[in-house]
Amino acid sequence: MPIRLHTPMPSLEGATDWINGVPDPAKFIGNPVLVYFWALICPACHKNMSKLKSWRTSYGTKGLIFVSIHCPRMKSDVNFSKVKIAVAAYEIKEPCGIDNLHKIKRSFKNEIWPAYFLFDREGKLKRRVAGNAGLEMLESVMEKLFDK
């Protein structure tokens, strides 16, 4: 079972590499953070990338910090060059952790791709969603979070 609501954000340590730099937890203080897990072989992950791109424009300008975690589902997903190509193709600008050893996945107790963990300004888990419709379910929470 994934981490429970109101739980502080788990550690992002354990990535085998980072693309677009390493996230700075000091910048998380006072800002909401969206951590999302995806994999090269995951069609639903790819489908949702355009929505994340639009959120970078709409919510990123309001202070939402994004952290991408590529977590392989199969041995072929471990290819760093392919992940870099996908990061560029999907215009992922935020830090993207390469979680080939599944250390970050385990700290979030996550077993689903795609998965989205939204942390509030206090660093506590506000909502977690997963799968094809995950972002649709998260949209109303995002709107309320930024109405404050």
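Use the structure listed above.
Attention here is on the structure that accompanies the text. Numbering of residues begins from 1 in every chain and follows the order in which that chain's sequence is written. Two thresholds apply to this predicted model, a pLDDT of at least 70 for residue-level local features and 80 or more for giving and counting side-chain atom pairs, whereas whole-chain, interface and lining totals are computed over all residues. Calculated side-chain values reflect all of the structure's heavy atoms, with hydrogen atoms and water omitted.

## Notes on the nonpolar core
- Within this scheme, the nonpolar core is defined by two criteria: the residues are buried Ala, Val, Leu, Ile, Met, Phe, Trp, Tyr or Cys, and they are joined through side-chain atoms within 4.5 Å. For every residue, the accessible area (1.4 Å probe, protein chains only) is compared with the maximum for its type, and the residue is labelled buried under 20%, exposed over 50%, or partly exposed between those bounds. By size, the foremost hydrophobic cluster in this structure holds 48 residues, and its most contacted members are Val-35, Trp-38 and Leu-138.
- By definition in these notes, contact holds between two residues if any of their heavy atoms fall within 4.5 Å. Not counting chain neighbours up to four residues away, the residues in contact with Trp-38 comprise Cys-45, Met-49, Ser-68, Ile-69, His-70, Cys-71, Val-83, Ala-86, Val-87, Ile-92, Cys-96 and Trp-113.

## Digging into the pattern of salt bridges
- Here, a salt bridge means any side-chain nitrogen of Lys or Arg that lies within 4 Å of a carboxyl oxygen of Asp or Glu. Summed over all chains, the structure comprises four salt bridges.
- Across the pair Lys-53 and Glu-91 runs a salt bridge whose closest N-O atoms are separated by 2.9 Å. Taken together, the residues Lys-53 in helix H2 (residues 43-58) and Glu-91 in the loop between helix H3 (80-89) and strand S4 (96-98) connect sequence positions 38 residues apart.
- Ionic pairing is found between Glu-111 and Lys-105, a salt bridge with its closest N-O pair at 3.4 Å.
- Of the residues examined, Glu-111 reaches a relative accessible area of 57% and is grouped as exposed.
- By relative accessible area, which is 9% here, Lys-105 ends up buried. Strands here are runs of E lasting at least two residues and helices are runs of H or I lasting at least four, both read from the DSSP assignment and numbered beginning at the N terminus.

## A short note on the pairing of strand S3 (residues 65-70)
- Most of S3 sits inside the fold, with six of its six residues counted as buried.
- Here S3 shows no split at all, with Ile-65, Val-67 and Ile-69 on one side and Phe-66, Ser-68 and His-70 on the other all buried.
- As judged from the six bridges shared by strand S2 (residues 33-38) and S3, these two strands associate in the parallel manner. Residue pairing across strands places Val-35 opposite Val-67, the latter belonging to S3.
- By the convention used here, strands pair only if DSSP detects at least 2 bridges between them. The pairing of S3 with S4 spans three bridges and is parallel. Residue pairing across strands places His-70 opposite Ile-98, the latter belonging to S4.
- Here, the term right-handed applies to a crossover whose path from the first strand over the helix to the second runs clockwise when the strands point away from the viewer. In the classification by handedness, the crossover that spans S3, the intervening H3 and the parallel S4 is right-handed.

## Some words on the packing of aromatic side chains
- A pair of Phe, Tyr and Trp rings is counted when the ring centres sit within 6.5 Å of each other, with Trp represented by its six-membered ring. The angle between the planes then sorts it: under 30 degrees is stacked, over 60 is edge-to-face, the rest tilted. Taken as a whole, this structure holds seven aromatic pairs when the rule is applied.
- When the centroid spacing of 6.3 Å and the interplanar angle of 25 degrees are considered together, the rings of Tyr-36 and Tyr-116 count as stacked. With Tyr-36 in strand S2 and Tyr-116 in strand S5 (residues 115-119), this pair connects stretches of sequence that are 80 residues apart. One exposure class covers both Tyr-36 and Tyr-116, and it is buried.
- Taken together, a centroid distance of 6.1 Å and an interplanar angle of 80 degrees make the contact between Phe-108 and Phe-119 edge-to-face. Placement of the pair is Phe-108 in the loop between helix H4 (103-107) and S5 and Phe-119 in strand S5, with a sequence separation of 11 residues.
- Judged by relative accessible area, Phe-108 falls into the buried class, the value being 0%.
- With relative accessibility at 0%, the residue Phe-119 sits in the buried group.
- Chaining the aromatic ring pairs together yields one cluster made of Phe-37, Phe-108, Phe-117 and Phe-119.

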